[in-house]
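Here is how the chains run, residue by residue.
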Amino acid sequence: MASETLPVALDAMGGDHAPLEIVAGAVLAVRELGVPVVLVGQPRVLYEALSAHDATGEVPIVRAEETLAMDEGALASLRRPRSSIAVACHLLRRGDAAAVVSAGSTAGVVATGKLRLRAQHGVLRPAIAVALPTLPHPTILVDAGANADVKPEMLVQFAHLGAAYVESALDVKTPRVGLLTIGAEPEKGNKLAKRAHELLQASPGLDFSGNIEGHDLLTGKVDVIVTDGFTGNIALKTMEGSVRYAFGQLRDTVAESRVAKLGGLLQRSRMRELYRRLDPEAHGGAVLLGLNGTVVIAHGSSQARGIASACELAARLAAGKIVTRVGDRVGAIPRSHRLWG
């Protein structure tokens, strides 16, 4: 990445392990991934953290004295207009940053992003996109929690948001889109799913593959999975919990006997690769699509490696002009498929 590239504005005060792990992640992003980063937060604390890595000359700091706590919701974005995430969004809006990354409260980041950056023209609701660890490349789930109550037309937009993500980040030319519901047949599901199926099937510019079910989340049958934020968030957390449970059971099984331990040692490299692929931090976190700027929400528990991955993802999406791609796709949706059409 060229030295003149705009930096990623990293909210240094958001996250369970802020600011130390956030600063460590910024240093990793700069040194190992070549991603320029500017830290936003309390200067004295951040300078001390950077000094521990001998990186005070590598990562600049922008002052922000206020912080959104991890347990604060959407209203906190109004109460704290000078929070670190708000200042980071301001840097992006005025053209001093390429993207924003935060491991802070999801509700706070979403609300602040909407308030400071505004939704792109024609976007009904910005949505959260999350990469699922499928092969040969990740599958994008939209929406993963930003919008609990939606209309069918919004799901059509989510499909286009997800398709733009896949085109920009994964270089897939014609993303396949699937609708998450309770059966593969077009008539399966509630009123929302049935009407959304009709609109998705008729939407130009979408390669709609039809309905998919919960057991298809990790099969790679489609490139984009569309659903409402309520269902998507439950599906995502259920999947993450199942992966943790499975690895825990596998670890206990390997420790049960000497023979099992020997087998585990022989398969150690493959096990590590599988764990790395299924680790949510390896994919950089969620992306808030539909805003006038690129915003990546890292996991709240992210360590340094996860923060660095989030910065790399944000820089890649910004370089791929994700905002422009979203605008082009939303603008091409027929008026008959829009709520105001």
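Every chain's residues receive numbers from 1 upward, in the order its sequence appears when written. Only residues with pLDDT of at least 70 get local features here, since the model is predicted, and only at 80 or more are side-chain atom pairs given and counted; chain-wide, interface and lining totals rely on the full set of residues. The side-chain quantities take in all heavy atoms of the structure and omit both hydrogens and water.

1. Things to note about the overall build of the protein
- Working definition: helices are DSSP H or I runs of at least four residues, strands are E runs of at least two. Numbering for both runs from the N terminus. When its secondary structure is counted, the protein shows 12 helices and 11 strands.
- Any residue under 20% of the maximum accessible area for its type is buried, any over 50% is exposed, and the rest in between are partly exposed; the area is computed with a 1.4 Å probe on protein chains only. Going through the 341 residues of the protein one by one, you find that 50% of them count as buried.
- A separation of at least 24 residues holds for 71% of the contacts in the protein among residues at least 6 apart in sequence.
- With an accessible surface of roughly 15,800 Å², the protein has 53% of that area assigned to carbon and sulfur atoms. The contact rule is simple, with two residues in contact once any of their heavy atoms fall within 4.5 Å. Surface accessibility in these figures is a Shrake-Rupley result with a 1.4 Å probe; residues are shielded only by whichever protein chains are displayed.

2. A word on the side chain of Asp228
- Among the structural elements, Asp228 can be located in the loop between β9 (224-226) and α8 (229-254).
- In this tally Asp and Glu are treated as negative and Lys and Arg as positive; neither His nor the chain ends contributes. Salt bridges are identified by distance alone: a Lys or Arg side-chain nitrogen within 4 Å of an Asp or Glu carboxyl oxygen. No salt bridge is formed by the buried Asp228; its nearest oppositely charged neighbour, Arg125, is found at 10 Å.
- Within the local environment of Asp228, its side chain forms a polar contact with the backbone nitrogen of Phe230, the two atoms lying 3.1 Å apart.
- For Asp228, the residues in contact, after removing those within four places along its chain, are Asp143, Asn147, Ala148, Val150, Leu155 and Leu192. Polar contacts here mean pairs of N or O atoms no more than 3.5 Å apart (in protein, one a potential hydrogen donor and the other a potential acceptor; neighbouring residues in sequence count only if both atoms are side-chain atoms).

3. Re the nonpolar core
- Leu10, Leu39, Val101, Phe158, Tyr165 and Cys311 are the most contacted members of the largest nonpolar core, which has 67 residues in total.
- Among the elements that make up this core, the one with the highest residue count is helix α6 (residues 152-170) (11 residues).
- Side-chain atoms within 4.5 Å are what join buried Ala, Val, Leu, Ile, Met, Phe, Trp, Tyr and Cys residues into a set we call a nonpolar core. Among the nonpolar cores identified, the runner-up in size contains 34 residues, and Ala64, Ala88, Cys89 and Ala286 belong to it.

4. Remarks on the sheet that holds strand β8 (residues 207-212)
- Paired strands, in this sense, are two strands between which DSSP finds at least two bridges. Strand order in this open sheet of 11 strands is β3-β2-β1-β4-β11-β10-β5-β6-β9-β7-β8, and the pairing throughout is mixed. In the strand order of this sheet, the two ends are held by β3 (61-63) and β8, each with one partner. With strand direction ignored, the average angle separating the axes of adjacent strands in the sheet is 25 degrees.
- Sheet analysis places strand β2 (residues 37-41) next to β3, joined by three bridges and oriented parallel. Orientation is described by lines fitted to C-alpha atoms, with helices fitted over the stretch in contact, and by angles between N-to-C directions that extend from 0 to 180 degrees.

5. Some thoughts on the packing of helix α1 (residues 20-32) against helix α2 (residues 43-52)
- Running from N to C, α1 and α2 cross one another at 55 degrees; their axes reach a closest spacing of 9 Å. Judged by the inter-axis angle, α1 sits oblique to α2. The handedness of the crossing between α1 and α2 comes out as right-handed. Seen from α1, the contacting residues are Leu20, Val23 and Val27; seen from α2, they are Leu46, Ala49 and Leu50.
- Classification convention: Asp, Glu, Lys, Arg as charged; Ala, Val, Leu, Ile, Met, Phe, Trp, Tyr, Cys, Pro as nonpolar; all other residues, Gly among them, as polar. Broken down by class, the residue content of the contact of α1 with α2 amounts to six nonpolar, no polar and no charged. Here the word oblique covers every angle except those under 35 degrees (roughly parallel), over 145 (roughly antiparallel) and from 65 to 115 (roughly perpendicular). By definition, turning the near helix anticlockwise from the far helix through less than a right angle yields a left-handed crossing, and turning it clockwise yields a right-handed one.

6. A few points about the pattern of salt bridges
- Under the criterion given, the structure shown has 13 salt bridges.
- The closest approach of N and O atoms between Glu198 and Arg195, which form a salt bridge, is 2.9 Å. Taken together, the positions of Glu198 and Arg195, both in helix α7 (residues 191-202) and three residues apart, correspond to about one turn of that helix.
- Salt bridges sharing common partners tie together Glu167, Arg325 and Arg329.

7. Brief notes about the environment of Val30
- Along the polypeptide, Val30 turns up in helix α1.
- A sequence separation of 28 residues divides Val30 from Glu58, and the C-alpha atoms of the two residues are 7.7 Å apart.
- Discounting chain neighbours no more than four positions away, the residues touching Val30 are Val35, Val37, Glu58 and Val59.

8. Focus: unusual backbone geometry
- Residue Pro19 is reached from Ala18 by a cis peptide bond, and omega for that bond is -5 degrees.
- With respect to the helices and strands, the residue Pro19 is situated in the loop between β1 (8-11) and α1.
- Residue Asp143 is bonded to the preceding Val142 through a cis peptide linkage, with omega at 10 degrees.
- As for its position among the elements, Asp143 is in the loop between β6 (139-142) and α6.
- Its identity is not glycine, yet Asp54 carries a phi of approximately 55 degrees, on the positive side.
- Relative to the elements of secondary structure, Asp54 occurs in the loop between α2 and β3.
- Look at Asp54 and you get exposed, because its relative accessible area is 64%.
- For Asp171, which is not a glycine, the phi torsion comes out positive at approximately 60 degrees.
- With respect to the helices and strands, Asp171 occurs in the loop between α6 and β7 (176-180).

9. Quick word on the packing of α6 against helix α12 (residues 322-331)
- Where α6 meets α12, the axes come as close as 9 Å, and the angle between the chain directions of the two elements is 140 degrees. Considering their axes alone, α6 and α12 lie oblique with respect to each other. The element α6 and its partner α12 pack so that their crossing is right-handed. Mapping the contact onto sequence places Gln157, His160, Leu161, Ala163, Ala164, Tyr165, Glu167 and Ser168 in α6 and Ile322, Arg325, Val326, Arg329 and Val330 in α12.

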